[in-house]
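The lines below spell out each chain.
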Amino acid sequence: MARFFPLPEAGDIVWCRFPHEGFAEPGPKPRPALVVDIGSLRGEPAIEVIYGTSQKLDRLYPGEFAITTEDGDAFALSGLSHPTKFDAGCPVYLPYNDEWFAVAPGAPHGQTPRLGVLHPSLMRRVEAAARA
C-alpha cells in the first residue's frame with residue numbers, strides 16, 4: 001500500500017522518481033522535480049511536476065531553464081546540490097506517494113520529498129521556458 005505525503009505547494013522542488021519511458025511506472029532513481037500544480041488522480045493526491053537533471057547543462061533547449069550556483073541565494077533556497085536544468089515542456093501529473101517520490105536526501109524538511117523552493121527571482125525563467 002502506497003504512503004501519501006502531505007501535499008507540497010507549487011514552486012516546491014521535490015525528490016521524484018520521474019518516469020523515463022512511457023510514464024507507466026516510476027523511474028529507477030529519484031531526481032529533482034519542480035511542482036507546478038496540485039491536483040488528484042483517481043481521487044488520490046497528485047502533483048504536476050517537471051523533471052530536473054544535472055546533465056548537459058552547457059545547452060538549454062526551448063522550454064528548459066537552469067538553476068545554478070551563480071544564482072546565489074536562489075540556488076541555496078532550491079535545496080539542489082548541483083546546478084540543474086528543468087524541462088517545462090514535459091509536465092506530468094503523478095500520484096504524490098512513496099512509489100513516485102522519496103524523502104529528500106538529508107531530510108531538510110522532515111520526512112517529505114521536499115528539497116527546497118523556487119526563489120521568486122527565478123519566475124521569469126520558468127515563465128519564458130513555459131512559453132517556449
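### Comments concerning the overall build of the protein
Scanning the protein from terminus to terminus reveals 2 helices and 7 strands. Written out in order from the N terminus, the α and β elements of the protein read β-β-β-β-α-β-β-β-α. The C-alpha atoms of the protein give a radius of gyration of 14 Å, which matches the 14 Å a tight globule of 132 residues would have. Oriented by its inertia axes, the alpha-carbon framework of the protein measures out at about 40 × 30 × 25 Å. Scored against the burial criterion, the 132 residues of the protein give a buried share of 42%. For the protein, the accessible area works out to roughly 7,300 Å², and carbon and sulfur atoms hold 52% of it. Positive and negative side-chain charges of the protein, numbering 12 and 16 respectively, have mean locations separated by a distance of 4 Å.

### A look at the nonpolar core
Judged by nonpolar contacts, the single largest core of 16 residues is most densely connected at Leu34, Phe65, Ile67, Leu80 and Phe86. Those elements that provide at least two residues to this core are β4 (64-67), α1 (73-78) and α2 (123-131). Discounting residues that sit within four places of it in the chain, Phe86 has contacts with Pro32, Ala33, Leu34, Ile50, Tyr51, Gly52, Gly63, Glu64, Phe65, Ile67 and Leu80.

### Quick notes on the layout of surface pockets
The volume enclosed by the largest pocket comes to roughly 320 Å³. Lining the largest pocket are 16 residues, with Trp15, Arg31, Pro32, Ser54 and His82 sitting closest to its centre. Here the lining of the largest pocket is built from residues that sort into 6 nonpolar, 8 polar and 2 charged.

### A few points about the side chain of Thr84
With respect to the helices, strands and loops of the structure, Thr84 is situated in strand β5 (residues 84-87). Polar side-chain contacts of Thr84 include one of 2.8 Å to the backbone oxygen of His82. Those residues in contact with Thr84, other than ones at most four positions away along the chain, are Pro32, Gly52, Thr53, Ser54, Leu57, Phe65, Ala66 and Ile67.

Analysis parameters
- Within each chain, residues carry numbers counting from 1 in the order of the written sequence.
- Only residues with pLDDT of at least 70 get local features here, since the model is predicted, and only at 80 or more are side-chain atom pairs given and counted; chain-wide, interface and lining totals rely on the full set of residues.
- Hydrogens and water molecules were not included; the side-chain quantities draw on all heavy atoms of the structure.
- Runs of H or I in DSSP of at least four residues are treated as helices and runs of E of at least two as strands, each being numbered from the N terminus.
- The globule rule is 2.2 Å times the number of residues to the power 0.38, and the radius of gyration it is compared with is taken over C-alpha atoms.
- A simple rule labels every residue: compare its accessible area, found with a 1.4 Å probe on the protein chains alone, to the largest value its type can have, and call it buried under 20%, exposed over 50%, or partly exposed in between.
- Calculation of accessible area relied on Shrake-Rupley with a 1.4 Å probe; when residues are assessed, cover is drawn exclusively from the protein chains displayed.
- Residues scored as charged are limited to Lys and Arg (positive) and Asp and Glu (negative), so that His and the chain ends carry no count.
- A charged residue contributes its charge at one atom only: NZ of Lys, CZ of Arg, CG of Asp or CD of Glu.
- By nonpolar core we mean a set of buried residues, namely Ala, Val, Leu, Ile, Met, Phe, Trp, Tyr and Cys, connected to one another through side-chain atoms within 4.5 Å.
- Between two residues, a contact is recorded if the distance between any of their heavy atoms is within 4.5 Å.
- Space inside and on the surface of the protein is sampled on a 1 Å grid over the protein atoms alone, with a cavity defined as a set of points where a 1.4 Å probe fits but cannot get out and a pocket as an open set with protein on both sides within 12 Å along at least 5 of 7 lines; lining residues have an atom within 4 Å of a point.
- Grid points are joined across faces, edges and corners, and a volume is the space filled by probe spheres set on the points.
- Following the grouping adopted for this structure description, the nonpolar residues are Ala, Val, Leu, Ile, Met, Phe, Trp, Tyr, Cys and Pro, the charged ones are Asp, Glu, Lys and Arg, and the polar ones are all others, Gly among them.
- Pairing of N or O atoms within 3.5 Å defines a polar contact, subject to two protein rules: one partner must be a possible hydrogen donor and the other a possible acceptor, and residues neighboring in sequence count only if both atoms are side-chain atoms.

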